[in-house]
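Spelled out from the first residue to the last, the chains are:
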Amino acid sequence: MNRLVNKEFRRIFALQKQTKIAMATNRTFTMIKPDATDAGHTGKIIDRIIDAGFSIKAMKWTKLSLADAQAFYEVHAERPFYGELTEYMSSAPIVAAILEKDNAVADFRTLIGATNPAEAAPGTIRAEFAESIAANAVHGSDSDENAAIEGAFYFSAREMS
Ligand code: IDP
Ligand code: MG
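The shown structure was predicted, so the numbers you read here are calculated from the model rather than taken from an experiment.

Caption draft 1: Seen up close, the environment of Ser90. Position of Ser90 among the secondary structure elements: in the loop between α5 (82–89) and β3 (94–100). Setting aside its immediate chain neighbours within four residues, Ser90 contacts Lys63, Leu64, Ser65, Leu66 and Ala69. From its side chain, Ser90 meets the backbone oxygen of Glu87 in a polar contact 3.2 Å long.

Spelled out as structure tokens, the structure:
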């Protein structure tokens, strides 16, 4: 079943690429993760994102099913933490958003800090709010291409301002 769902997502992403619905290169995609929404950090994290110069082009509060999380993180399916990651990501609500700024992907990765909060630079969102390497407060896309794919996972073209 999950394989079928994943296959369907891949087909839709490929179609979107072909039809050039992909987002502009000055955009990135983020999720505020379950540990952060649960701890009541959502508002503070959104403030940090806006203060850093990003504008919000689309945003939603939602909750992933396990199958959704498995599809979103399919690229990590072979990694040893895939089970832990997908269970965690479907354990509580998340906030998904498309953000715009010059150099969005790289600047957002700088703003959130290293994957492991113990290694994240002081002042970064993960240094401040993350609980652990798995429950690390926020997601940030790692390339323009993945920002477009990940944004399209949550938002239709009509929902992106
Ligand atoms: P990133 O989110 O900084 O891009 P990735 O390597 O793409 O890091 O990993 C995706 C997500 O998987 C991480 O944000 C984190 O939630 C989780 N993760 C990464 N490495 C580990 C690990 O060693 N143990 C548990 N979870 C991990
Ligand atoms: Mg990543």
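Caption draft 2: Geometry of the site of ligand 1. Taken together, Lys33, His76, Arg79, Phe81, Glu84, Leu85, Arg109, Thr115, Arg126, Ile133, Ala134 and Asn136 make up the full set of residues near ligand 1. Expressed as a share of its isolated accessible area of 520 Å², the protein-covered part of ligand 1 is 82%. Across the shell around ligand 1, the residue classes tally to 4 nonpolar, 3 polar and 5 charged.

Caption draft 3: Inspection of the nonpolar core at higher detail. With 20 residues, the main nonpolar core has Phe29, Met31, Met89, Tyr154 and Phe155 as its most contacted residues. Within the residue set of this core, elements represented by two or more residues are β1 (27–32), α4 (66–72), α5, β3 and α8 (144–154). Setting aside residues up to four positions removed in sequence, Phe155 forms contacts with Phe29, Ala58, Met59, Lys60, Ala96, Ala97, Ile98 and Met160. With 18 residues, the next largest nonpolar core counts Ile46, Ala97, Ile112 and Ile125 among its residues.

Caption draft 4: How the structure looks around the pairing of β3. Within β3, 6 of the 7 residues are buried, which leaves the element mostly enclosed by the surrounding structure. Sheet topology note: the β1/β3 ladder contains 6 bridges and is antiparallel. Each residue of the ladder has a partner; that of Met31, found in β3, is Ala96.

Caption draft 5: Fine view of the sheet that holds β1. If you walk across this open sheet you meet the 4 strands as β2-β3-β1-β4, and the pairing is antiparallel. With one partner strand each, in any of the chains shown, β2 (55–62) and β4 (138–140) form the two edges of the open sheet. Adjacent strand axes in the sheet meet at a mean angle of 15° when their direction is disregarded. Pairing of β1 with β4, which is carried by 3 bridges, proceeds in the antiparallel orientation. Along β4, the bridge assignment pairs Ile32 with Val138. Seen against the sheet, helix α3 (residues 42–51) touches β1, β2, β3 and β4 and runs at an angle of roughly 165° to β2. Its contacts with the sheet place α8 against β1, β2, β3 and β4, and it is angled at close to 55° to β1.

Caption draft 6: The pattern of salt bridges, seen in detail. Within this structure, the stated rule accounts for 5 salt bridges. Linking Glu128 and Arg48 is a salt bridge whose minimum nitrogen-to-oxygen distance equals 2.5 Å. Placement of Glu128 in helix α7 (residues 125–129) and of Arg48 in helix α3 is noted, with a sequence separation of 80 residues between them. When its relative accessible area of 47% is taken as the criterion, Glu128 is described as partly exposed.

Definitions and cut-offs
Residues numbered from 1 in each chain as written. Chains lettered and ligands numbered in written order. Predicted model: local features only at pLDDT ≥ 70, side-chain atom pairs only at ≥ 80, totals over all residues. Heavy atoms only, no water. Helix = DSSP H or I, 4+ residues; strand = E, 2+ residues; numbered from the N terminus. Contact = heavy atoms within 4.5 Å. Polar contact = N/O pair within 3.5 Å; in protein donor to acceptor, adjacent residues only side chain to side chain. Near = heavy atom within 4 Å. Areas by Shrake-Rupley, 256 points an atom, 1.4 Å probe, with all protein chains shown as cover. Nonpolar A, V, L, I, M, F, W, Y, C, P; charged D, E, K, R; others polar. Core = buried A, V, L, I, M, F, W, Y, C linked by side-chain atoms within 4.5 Å. Buried < 20%, exposed > 50% of the residue type's maximum accessible area, 1.4 Å probe, protein only. Pairing = 2+ DSSP bridges. Axes fitted to C-alpha atoms, helices over the stretch in contact; angles between N-to-C directions. Salt bridge = Lys/Arg side-chain N within 4 Å of Asp/Glu carboxyl O.

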